Amino acid sequence: MPFEESPHLVFWEVTKSCPLTCKHCRANAIDRPLPGELNTEEGKRLLEDIAGFGRVVVVFTGGDPLSRQDIFELMDYAKSLGLVVSIAPAPSHRLNEDTIRKIRETALYMSISLDGYKPETHDWLRGFGNYKYTIEGIRLGLKYGLQVQVNTVVWRKSYPELPYIAKTLKDLGVKVWEVFFLIPVGRGTLELDIPKEKYQDVIDFLIETSRYDLIVRTVEAPFFRRAKFEYKEGKVNELIKKLRELLGKPIKPVDKNVMPTRDGSGVIFISYNGDVYPSGFLPLTLGNVKKESIVKIYKESELLRLIRAGKLKGKCGICEYNNICGGSRARAFAVYNDPLAEDPACPF
């Protein structure tokens, strides 16, 4: 496996504080910081430890990282250590032109969430009036030269709007679309999810979307990679039909590039208080960075070693795509209380 020695992405939840109260929030974010949040000096020591992995991507997330008064100081320090800086701000009044300009001084990447084509769909999930901040944030990020990734949760109201969201991204000039499949953690509930039988339709649609010169990635749906390898052109469903109506014929073959990360393999998550999890959607504590190095935790955790080695159970354990997929460990834990169990949502 390529991620034995270091992850590709290190997510640091710098705070739980956020001006939004999204109905599906993984972090259970609130309007103020919680006690125990890493302070500036502890944060800098953490970044020094992360630099021990080499040139990895550090994603400053939350809550809303812009809630921290020292966020730009921390981002600047990360950059000085040779780390690749990314930020995932909440789309709000804080994400104005001055803020975007300051982000661009340090960060290479910015991700921002768009969870519906219609303002009322997005705002139902994230709060009234939020849609305008999202669209403006995307436009400003692109204007100032950030590599903007748009994140979208697949949920029951966004499902029929996915082709329209793809069209919106193309119109805005966005190059990367990361699509999240729901995990029942935090405020996220199964009532928001789409029926399991619709998962394959979304996967096929996303593969087709990648043929329109849009880089498509998934979160907690690693079976998307397996599907790309097996995909046969000519598939049609309601989402693909609408995509063709909106964007015309595809302009390139299926993108079969993959980054075989999964929870705890190529990805590691540090919470606001220093607790370390395999990912933000798998709340299983591996240690705390106040007591030991993140490098040590990542390399020596027995659970992470098993995950990286593909020592999984059920269908995921015997699947020929174990290495490039391996299933969602977060969903296995949420459903079976076992992070090594098979992914119950995989349609293969």
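Definitions and limits used
Residues numbered from 1 in each chain as written. Predicted model: local features only at pLDDT ≥ 70, side-chain atom pairs only at ≥ 80, totals over all residues. Heavy atoms only, no water. Helix = DSSP H or I, 4+ residues; strand = E, 2+ residues; numbered from the N terminus. Rg over C-alpha atoms; globule rule 2.2 N^0.38 Å. Buried < 20%, exposed > 50% of the residue type's maximum accessible area, 1.4 Å probe, protein only. Contact = heavy atoms within 4.5 Å. Areas by Shrake-Rupley, 256 points an atom, 1.4 Å probe, with all protein chains shown as cover. Lys, Arg positive; Asp, Glu negative; His and termini not counted. Charge placed at Lys NZ, Arg CZ, Asp CG, Glu CD. Axes fitted to C-alpha atoms, helices over the stretch in contact; angles between N-to-C directions. Parallel < 35°, antiparallel > 145°, perpendicular 65-115°, else oblique. Left-handed = near helix turned anticlockwise from the far one by under 90°. Phe/Tyr/Trp six-rings, centres within 6.5 Å; stacked < 30°, edge-to-face > 60°. Nonpolar A, V, L, I, M, F, W, Y, C, P; charged D, E, K, R; others polar. Pairing = 2+ DSSP bridges. Salt bridge = Lys/Arg side-chain N within 4 Å of Asp/Glu carboxyl O. Arc of directions from axis to C-beta. Polar contact = N/O pair within 3.5 Å; in protein donor to acceptor, adjacent residues only side chain to side chain.

1. A few points about the overall build of the chain
No. 1: The helix and strand tally for the chain stands at 13 helices and 11 strands.
No. 2: Over its C-alpha atoms the chain spans a radius of gyration of 19 Å, differing by no more than 12% from the 20 Å that the globule rule assigns to 348 residues.
No. 3: C-alpha atoms of the chain, sized along the principal axes, occupy 55 × 50 × 35 Å.
No. 4: Burial status across the chain gives 59% buried among its 348 residues.
No. 5: Within the chain, contacts between residues separated by at least 24 positions form 72% of all contacts whose residues are at least 6 apart in sequence.
No. 6: Of the roughly 14,500 Å² that the chain leaves accessible, carbon and sulfur atoms contribute 51%.
No. 7: Across the chain, 51 positive and 45 negative side-chain charges occur, with their mean positions spaced 3 Å apart.

2. A short note on the packing of helix H7 (residues 199-209) against helix H9 (residues 238-247)
No. 1: Their axes nearest at 8 Å, the elements H7 and H9 cross at an angle of 25 degrees. As judged from the angle between their axes, H7 and H9 are roughly parallel. For the crossing formed where H7 meets H9, the hand is right-handed. Only Leu239, Ile240, Leu243 and Arg244 of H9 make contact with H7, whose side of the interface consists of Asp201, Val202, Asp204, Phe205, Glu208 and Thr209.

3. Structural notes on helix H8 (residues 223-230)
No. 1: With 6 of 8 residues buried, H8 lies mostly within the body of the structure.
No. 2: Where H8 is buried, its residues contact H7, strand S7 (215-219) and helix H13 (329-336).

4. Some points on the packing of aromatic side chains
No. 1: In this structure the tally under the stated criterion is 10 aromatic pairs.
No. 2: Note on phenylalanine 269 and tyrosine 277: the rings are 6.1 Å apart at their centroids and 5 degrees apart in plane angle, and the pair reads as stacked. Residue phenylalanine 269 shares its accessibility class with tyrosine 277, and that shared class is buried.
No. 3: Through successive ring pairs, a cluster of aromatic residues spans Phe181, Tyr199 and Phe223.

5. Quick notes on the packing of helix H6 (residues 162-172) against H9
No. 1: Interaxial distance between H6 and H9 falls to 8 Å at its minimum, and their mutual angle equals 30 degrees. Looking at the two axes, H6 sits roughly parallel to H9. Our pair here, H6 against H9, has a crossing hand that is right-handed. Every residue of H9 that contacts H6 at Leu162, Pro163, Tyr164, Ala166, Lys167 and Lys170 is listed here: Leu239, Lys242, Leu243, Leu246 and Leu247.
No. 2: Among the residues forming the contact of H6 with H9, the class breakdown is 8 nonpolar, no polar and 3 charged.

6. A short note on the pairing of strand S1 (residues 9-13)
No. 1: Looking at chain direction, S1 and strand S2 (residues 57-61) are connected through 5 bridges and run parallel. Across the sheet, the residue bridging to tryptophan 12 is phenylalanine 60, located in S2.
No. 2: Direction of pairing for S1 relative to strand S9 (residues 266-270): parallel, over a ladder of 4 bridges. Within S9, the position partnered with tryptophan 12 by the bridge is isoleucine 270.

7. Side note on unusual backbone geometry
The phi angle of most residues is negative, glycine excepted, and most peptide bonds adopt the trans form.
No. 1: The backbone of aspartate 213 sits at a positive phi, close to 60 degrees, despite the residue not being glycine.
No. 2: Along the chain, the position of aspartate 213 falls in the loop between H7 and S7.
No. 3: The backbone phi angle of glutamate 220 is positive, close to 60 degrees, even though this residue is not glycine.
No. 4: By the element assignment, glutamate 220 lies in the loop between S7 and H8.

8. Here's the deal with the pattern of salt bridges
No. 1: The tally for this structure, following the rule as stated, stands at 23 salt bridges.
No. 2: Note that arginine 308 and glutamate 4 form a salt bridge whose closest N and O atoms lie 3.6 Å from each other. Placement of the pair is arginine 308 in helix H11 (residues 302-308) and glutamate 4 in the segment before S1, with a sequence separation of 304 residues.
No. 3: According to the relative accessible area criterion, arginine 308 is buried, its value standing at 0%.
No. 4: A salt bridge links arginine 68 to aspartate 70, with the nearest nitrogen and oxygen atoms 2.8 Å apart.
No. 5: A network of salt bridges, in which partner residues are shared, links Glu208, Arg211, Glu233 and Arg244.

9. Focus on H9
No. 1: Those residues of H9 that sit buried are Leu239, Ile240 and Leu243. Take H9 and look down its axis: the buried residues cluster within an arc of 95 degrees, on one side only. Along H9, the residues that are exposed and aim more than 90 degrees away from the buried face are Lys241 and Glu245.
No. 2: As for H9, its buried residues are in contact with H6 and H7.
No. 3: The opening residue of H9 is asparagine 237, an N-cap whose side-chain oxygen sits 2.9 Å from the backbone nitrogen of leucine 239.
No. 4: Backbone geometry just after H9 places glycine 248 at a positive phi near 80 degrees.

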